[in-house]
Amino acid sequence: MATMLVQPPIPAFHANIPPMLRTTNMVITPTSPSTTHQKTQSLRFGECPPGFRPIYRVKVAEQTSGLVGDETPTQIKTELHQALQGINRGIFGVPSAKKSEIEGLVKQLESQNPTPDPTVNLEKVGGCWKLVYSTITILGSRRTKLGLRDFISLGDFYQNIDIAKGKAVNVIKFDVRGLNLFNGRLTIVASFKKASKSRVDISYDNSSITPVQLMNVFRKNYDILLGIFNPDGWLEITYVDDTLRIGRDDKGNIFILERAEENLI
């Protein structure tokens, strides 16, 4: 009896398995125990001898993700940087899918925080930082009242942390368009003290707007402006390295900042 091993066409039920992940073994068995063949037949590729039926065994290799858990902080930071492109720090809102993507990357970084006790290593936290993303938003009537739809645009957000004095100076820059084009800034000074190995308590000290022309623009709605950026509360420092810092506050907001030069303020 001659038994021929042949390679059949891939059945449709597993044709969508990636080629590199699929191995197929075919065993040809008689349809009846008594079936025999006295001579060898010439078969085309993919055909079975008469009276035989193919049995397929499909093995799917395990596929490692190569993503979550395998990426380094540097790789995650690169993805985060790409995700933050074109959303203006999130200040005017972002689509929910984009927000979920960013928060997922944030959680990955937080799980690999190289400085788990940041307030014990405050030299990592001190200095100048630039805000690149926040879940604080200025939407609806607040944006309209502050003129941020028409003639005022937001510039960069900076924070300078003085470890020795226990002070944080937040600077929000504005560009005003109109009859007279000028730049201005809102400066908010706050004090902080350690509350735990990763948390600081923050209290508002004072604020100012310069120049006077900008103060005149915001005077009527100054409480709204200050309410948006008031730092009162606590901040949990969930990730910090030489170039990036992430924090979460008592209001549920996320802040992502990158290291900056002090002379930019």
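Since the model is a prediction, treat every value here as computed from it, not as a measurement. (Residues numbered from 1 in each chain as written. Predicted model: local features only at pLDDT ≥ 70, side-chain atom pairs only at ≥ 80, totals over all residues. Heavy atoms only, no water.)

> Explain the environment of I87 to me, please; I cannot follow it from the model alone.
Structurally, I87 is set in the loop between α1 (73-83) and α2 (96-110). Taking relative accessible area as the criterion, I87 reaches 12% and is therefore assigned buried. Sequence spacing of I87 and K98 is 11 residues, and the spatial spacing of their C-alpha atoms is 9.4 Å. The contacts of I87, once residues within four sequence positions are left out, are V94, K98, I102 and Y133. (Helix = DSSP H or I, 4+ residues; strand = E, 2+ residues; numbered from the N terminus. Buried < 20%, exposed > 50% of the residue type's maximum accessible area, 1.4 Å probe, protein only. Contact = heavy atoms within 4.5 Å.)

> What am I meant to see in the nonpolar core here?
Soluble globular proteins tend to pack their nonpolar side chains together in the buried interior. Among the nonpolar cores identified, the biggest contains 38 residues, and F174, L186, L225 and F229 are the most heavily contacted of them. If you look at the next biggest cluster of nonpolar residues, it comprises 16 residues, including L84, L244, I246 and I256. (Core = buried A, V, L, I, M, F, W, Y, C linked by side-chain atoms within 4.5 Å.)

> Which parts of the structure should I look at to understand the pairing of strand β3 (residues 127-134)?
Side-chain direction in a regular strand flips from residue to residue, so the side chains alternate between the two faces of the sheet. Of all eight residues in β3, seven are buried; the element is thus mostly enclosed. Bridge count between β3 and strand β4 (residues 152-162): four bridges; the pairing is antiparallel. Residue G127 lies in a different strand from β4, and its bridge partner there is I161. As defined by bridge partners, β3 adjoins strand β10 (residues 254-259) across five bridges and the pair is classed as antiparallel. Looking at β10, one finds that L131 is bridged to L257. (Pairing = 2+ DSSP bridges.)

> For this particular structure, what's the right way to read the environment of N221?
Relative to the assigned elements, N221 resides in the loop between α4 (212-218) and α5 (222-229). Accessibility expressed as a relative area gives 14% for N221, which makes it buried. Residues N221 and L146, spaced 75 residues apart in sequence, show a C-alpha to C-alpha distance of 6.7 Å.

> I'm lost on the confidence of the model for the protein in this one. Help?
The predicted coordinates ought not to be read in detail in places where the model reports low pLDDT. A residue-level look at the protein finds 72% of positions with pLDDT of 70 or above and a mean pLDDT of 81. Contacts from residues 1-8, a stretch scored under 50 in pLDDT, to residues over four places away or in other chains number 17 contacts. Here residues 56-68 scores under 50 on pLDDT; set against residues more than four positions off or in separate chains, the count is 26 contacts. (pLDDT = per-residue confidence, 0-100.)

> It is not clear to me how the layout of surface pockets should be interpreted in this structure. Could you clarify?
Unoccupied space between atoms shows up once a probe the size of one water molecule is rolled over them. Space inside the largest pocket adds up to approximately 640 Å³. Lining the largest pocket are 37 residues, and of these Q159, N170, I202, P231 and F255 sit closest to its centre. Tallied by class, residues from the lining of the largest pocket come to 25 nonpolar, seven polar and five charged. Reported here for the second largest pocket is a volume of approximately 320 Å³. Broken down by secondary-structure element, the contributors of at least two residues to the lining of the second largest pocket are α1 and β3. (1 Å grid on protein atoms, 1.4 Å probe; cavity = no way out; pocket = protein on both sides within 12 Å on 5 of 7 lines; lining within 4 Å. Points joined across faces, edges and corners; volume = space filled by probe spheres on them. Nonpolar A, V, L, I, M, F, W, Y, C, P; charged D, E, K, R; others polar.)

> Explain the pattern of salt bridges here, please?
Pairing between side chains becomes possible if they bear opposite charge and their charged atoms approach one another. Following the criterion strictly, the structure yields eight salt bridges and no others. The partner of K124 in a salt bridge is D242, with the nearest N and O atoms 2.9 Å apart. Of this pair, K124 sits in the loop between α2 and β3 while D242 sits in the loop between β8 (233-240) and β9 (244-249), and the two are 118 residues apart along the sequence. For K124, a relative accessible area of 26% gives the class partly exposed. Taking the relative accessible area as the measure of exposure, D242 reaches 53% and is therefore exposed. Here K130 ties to D156 by a salt bridge, and the two come within 3.8 Å at their closest N and O atoms. (Salt bridge = Lys/Arg side-chain N within 4 Å of Asp/Glu carboxyl O.)

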